[in-house]
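Residue-level listing of the chains:
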Amino acid sequence: MQTIIIKLYPGKLENADIDLRYLVPDRIEEVSNGLVQDNGYDYLENNALGLWLKTESAISTYPMIIKLFREEKIIENDLSLSAEIYISEKDTDELENCRLVFP
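As a starting point, this report considers the structure included with it. (Residues numbered from 1 in each chain as written. Predicted model: local features only at pLDDT ≥ 70, side-chain atom pairs only at ≥ 80, totals over all residues. Heavy atoms only, no water.)

### A few points about the sheet that holds strand 5 (residues 99-102)
Heads up, the condition is: Two strands are counted as paired when DSSP detects at least two bridges linking them. Numbered from the N terminus, helices here are DSSP runs of H or I no shorter than four residues, and strands are runs of E no shorter than two. Axis definition: a line fit to C-alpha positions, over the contact stretch in the case of helices; interaxial angles, taken between N-to-C directions, run 0 to 180 degrees. Should any heavy atoms of two residues lie within 4.5 Å, those residues are considered in contact.
One open sheet holds the five strands; their spatial order is 2-3-1-4-5, and the pairing between them is antiparallel. The two strands at the open ends of the sheet, each matched to only one other strand, are strand 2 (36-43) and strand 5. Neighbour-to-neighbour, the strand axes of this sheet turn through a mean angle of 30 degrees, independent of strand direction. Bridge count between strand 1 (residues 2-8) and strand 4 (residues 83-88): six bridges; the pairing is antiparallel. Directly across from Ile-5, in strand 4, lies its bridge partner Tyr-86. Sitting on the sheet, helix 1 (residues 20-31) is in contact with strand 1, strand 2 and strand 3 (49-55), with an inclination near 160 degrees to strand 2.

Below, the structure written as C-alpha cells:
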C-alpha cells in the first residue's frame, strides 16, 4: 500500500471541528469506492492535523481527493482552500518523506 497524507491547519478552517479526523477519511473512502482508506491520524507541528490514508496507487487516486475538496464542503469547510496533500509510494510513510502534490 502507498500513503496519502492530508494536512489541515485549524486556523485555515471555517469550522475546525475535531470530527474532521473521521469525516474526511470516511467521505474519501465512500467517493473512491474503497480505493482510498483511512489509516489513522496524528497531530503535527503548529497544531496541524494529519490524516493518513492508504491506497494501492497514491499518484492515481489523490486527484479524486482534490476533486472532492473542490466540489463539496465538509462541515462548512472548503478543504480545497485549506488542505495540503502529500503522497508517498511507501506504506504508512512519515510526512517528511512525502511529496507535496496539492496545493
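### Comments concerning the packing of aromatic side chains
Stated formally: Centres within 6.5 Å make a pair out of two Phe, Tyr or Trp rings, where for Trp the six-membered ring is used; the pair is then stacked when the planes are under 30 degrees apart, edge-to-face when over 60, and tilted otherwise. Under the scheme applied here, a residue whose accessible area is under 20% of the maximum for its type counts as buried, over 50% as exposed, and between as partly exposed, the area being computed with a 1.4 Å probe on protein chains only.
For the coordinates displayed, the defined rule picks out two aromatic pairs. Between the aromatic rings of Tyr-22 and Tyr-41, the centroid separation amounts to 6.1 Å while the plane-to-plane angle is 85 degrees, which identifies the pairing as edge-to-face. Highlighted residues: Tyr-22 in helix 1 and Tyr-41 in strand 2, separated in sequence by 19 residues. Accessibility expressed as a relative area gives 39% for Tyr-22, which makes it partly exposed. Residue Tyr-41 is classed as partly exposed on the basis of its relative accessible area, which comes to 34%. Members of the aromatic cluster, joined through ring pairs, are Tyr-22, Tyr-41 and Tyr-43.

### Some details on the packing of helix 1 against helix 2 (residues 58-71)
Inclusion rule: Roughly parallel covers angles under 35 degrees, roughly antiparallel covers those over 145, roughly perpendicular covers 65 to 115, and oblique covers all other angles. When the near helix sits turned anticlockwise from the far one by under a right angle, the crossing is termed left-handed; a clockwise turn instead gives a right-handed crossing. The residue classification treats Ala, Val, Leu, Ile, Met, Phe, Trp, Tyr, Cys and Pro as nonpolar and Asp, Glu, Lys and Arg as charged. All others, Gly included, are polar.
Where helix 1 contacts helix 2, the two axes come as close as 10 Å, and the packing angle between them is 115 degrees. Between helix 1 and helix 2, the interaxial angle falls into the category roughly perpendicular. Considering how the two elements wind past one another, helix 1 and helix 2 form a crossing that is right-handed. Residues Val-24, Arg-27, Ile-28 and Val-31 of helix 1 lie in contact with helix 2, whose contacting residues are Ile-65, Leu-68 and Phe-69. For the contact of helix 1 with helix 2, the residue count by class is six nonpolar, no polar and one charged.

Everything listed here is a matter of geometry and, on its own, says nothing about what the molecule does.
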